[in-house]
Amino acid sequence: MCGDATNWNEDEYRERILKEREVHTRNVFRTAWAPSVNPSSDTIVVASSDGSVASYSISSCISKLPVGVGNTSGQRYLVAEPNGFLQGHEGPAYDAKFYLNGKDTLLLSCGDDGRIRGWRWEEIIRSDVPISLQGNHIDSVLDMVNPQHKGPWGAVSPVPEINAIAVDTRGGSVFSAAGDSCAYCWDVETGKIKMVFRGHSDYLHCIVARNSTDQVAFCFLILIVTGSEDRTARLWDCRSGKCIQVIDPEKDNKSKGLSSFVGCLTLDASESWLILAVGAEPLLHRFDINGKTLSEIQCAPQSAFSVSLNPSGVVAVGGYGGLVDVISQFGSHLCTFRCRRI
């Protein structure tokens, strides 16, 4: 028997379908563990394709899981409400990082709008504004915009997107990987560009910074590594702004010429040489330095875009569908949640 269509509302039905589609096509592009005096931080920040930057409590998510619920394929995942919510960017938010620790901690994010924005973390976690009214309730204390390039006859290029950021608290700098094939070094105090790193032939996907010591000159150095769509990674000296090494994974590879790029980089500071990787499959791969597979762990996102390692060994994997999978150092799933849209 057909249902009663007397009170059928076409507009409401269409709006509901669009909202459901938006939820399932939302992507988590980056996860970042919040600083904590305890190595096992309870708070994780998520940068998403809807431009939002939101924080979630892991213990709160775990407490809401029914007893005995596992992470089986096709299950209905917990929809988690954030503790704090910022509408950080117009267009997708691609990365989030923390700068400094303690009362001066800044939460930084970057995105498709070519901006790096920063908020005081203490203001975010202490806000008493209801979550439904959050988004633009806290003013940013940092707002830096990529430069536009001038062309013939006064034409100006669009603002290049920023795909990733890295921080150097000792030097008071933020490094960005941009869509104009350049990396930039920004001064946090002034919001101005201190240095530009040029050499890649295509846009940059990722950037990491590493503290180092010159054993000859006995001085402290900052090195950055960038990964690009041009299929290379480059190592840069931040004193001169010059590239000191080019890494080309495809140089001697028989598959050269196929579509490939350097999309994710990390540097190991613990000397344990554990490599974590995610990609187009719903798997978290763990390798040693020789490329030997240590384990493959099934994770919730069908495509994963980020993997974030907490000092305690807990891993957060973020990806397609707005899903975040939190996995213990032993490979068990602590919780899986879908980020709620505010």
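A. How the structure looks around the nonpolar core. Among the nonpolar cores identified, the biggest contains 19 residues, and Y56, V324, V326 and F337 are the most heavily contacted of them. Where this core is concerned, the elements lending two or more residues are strand 1 (28-33), strand 2 (43-48), strand 3 (52-57), helix 2 (58-63), strand 4 (78-80), strand 23 (323-327) and strand 24 (333-339). Residue contributions to this core peak at three residues, all from strand 24. Residue contacts for Y56: discarding those within four places in its chain leaves D42, T43, I44, V46, A80, E81, P82, N83, F337, C339 and R340. Core analysis: the next-biggest nonpolar cluster, separate from the first, contains 15 residues, Y99, I162, A178 and V188 among them.

B. How the structure looks around the packing of aromatic side chains. Inspection of the entire model under this criterion finds seven aromatic pairs. With centroids separated by 5.4 Å and ring planes inclined at 50 degrees, the aromatic side chains of F29 and F305 adopt a geometry described as tilted. Of this pair, F29 sits in strand 1 while F305 sits in strand 21 (residues 304-309); the two residues are 276 residues apart in sequence, bridging distant segments of the chain. Here a set of aromatic residues connected by ring pairs shows up, and it is made of F29, Y94 and F305.

C. The sheet that holds strand 2, seen in detail. With antiparallel pairing, the four strands of this open sheet are ordered in space as 1-2-3-5. Of all strands in the sheet, those bounded by a partner on one side alone are strand 1 and strand 5 (84-87). Here the strands of the sheet are splayed against their neighbours by 20 degrees on average, with no regard to which way each runs. Across five bridges, strand 1 lies against strand 2 in antiparallel orientation. If you follow A32 over to strand 2, its bridge partner there is V45.

D. How the structure looks around the pattern of salt bridges. In total, this model carries eight salt bridges according to the counting rule given. Note that D95 and K97 form a salt bridge whose closest N and O atoms lie 3.0 Å from each other. Residue classification places D95 among the buried residues on the basis of a relative accessible area of 1%. Between D237 and R239 there is a salt bridge, with the nearest N and O atoms lying 3.3 Å from each other. Among the charged side chains, a salt-bridge network with shared partners connects R30, D95 and K97.

The rules behind each value
Per chain, residues are indexed from 1 in the order of the written sequence. Local features are withheld for residues below a pLDDT of 70 in this predicted model, meaning they are given only at 70 or higher, and side-chain atom pairs are given and counted only at 80 or more; totals for whole chains, interfaces and linings count all residues. The side-chain numbers reported here are obtained from all heavy atoms of the structure, hydrogens and water having been left aside. Definition used in this section: a nonpolar core is a set of buried Ala, Val, Leu, Ile, Met, Phe, Trp, Tyr and Cys residues joined via side-chain atoms within 4.5 Å. Residue exposure (1.4 Å probe, protein chains only): buried if accessible area is under 20% of the type maximum, exposed if over 50%, otherwise partly exposed. Per the convention used, a helix needs a DSSP run of H or I reaching at least four residues, while a strand needs a run of E reaching at least two, with both numbered from the N terminus. Only heavy atoms matter for contacts: two residues are in contact if any of them lie within 4.5 Å across the pair. Only rings of Phe, Tyr and Trp enter the pairing, Trp through its six-membered ring, and a pair is recorded when the two centres are within 6.5 Å. The plane angle decides the type: under 30 degrees is stacked, over 60 is edge-to-face, the rest tilted. Note: two strands are recorded as paired if DSSP finds a minimum of 2 bridges between them. Lines are fitted to the C-alpha atoms to define the axes, a helix being fitted only along its stretch in contact, and any angle between axes, read from their N-to-C directions, falls within 0 to 180 degrees. In what follows, salt bridge is the name for a side-chain nitrogen of Lys or Arg lying within 4 Å of a carboxyl oxygen of Asp or Glu.

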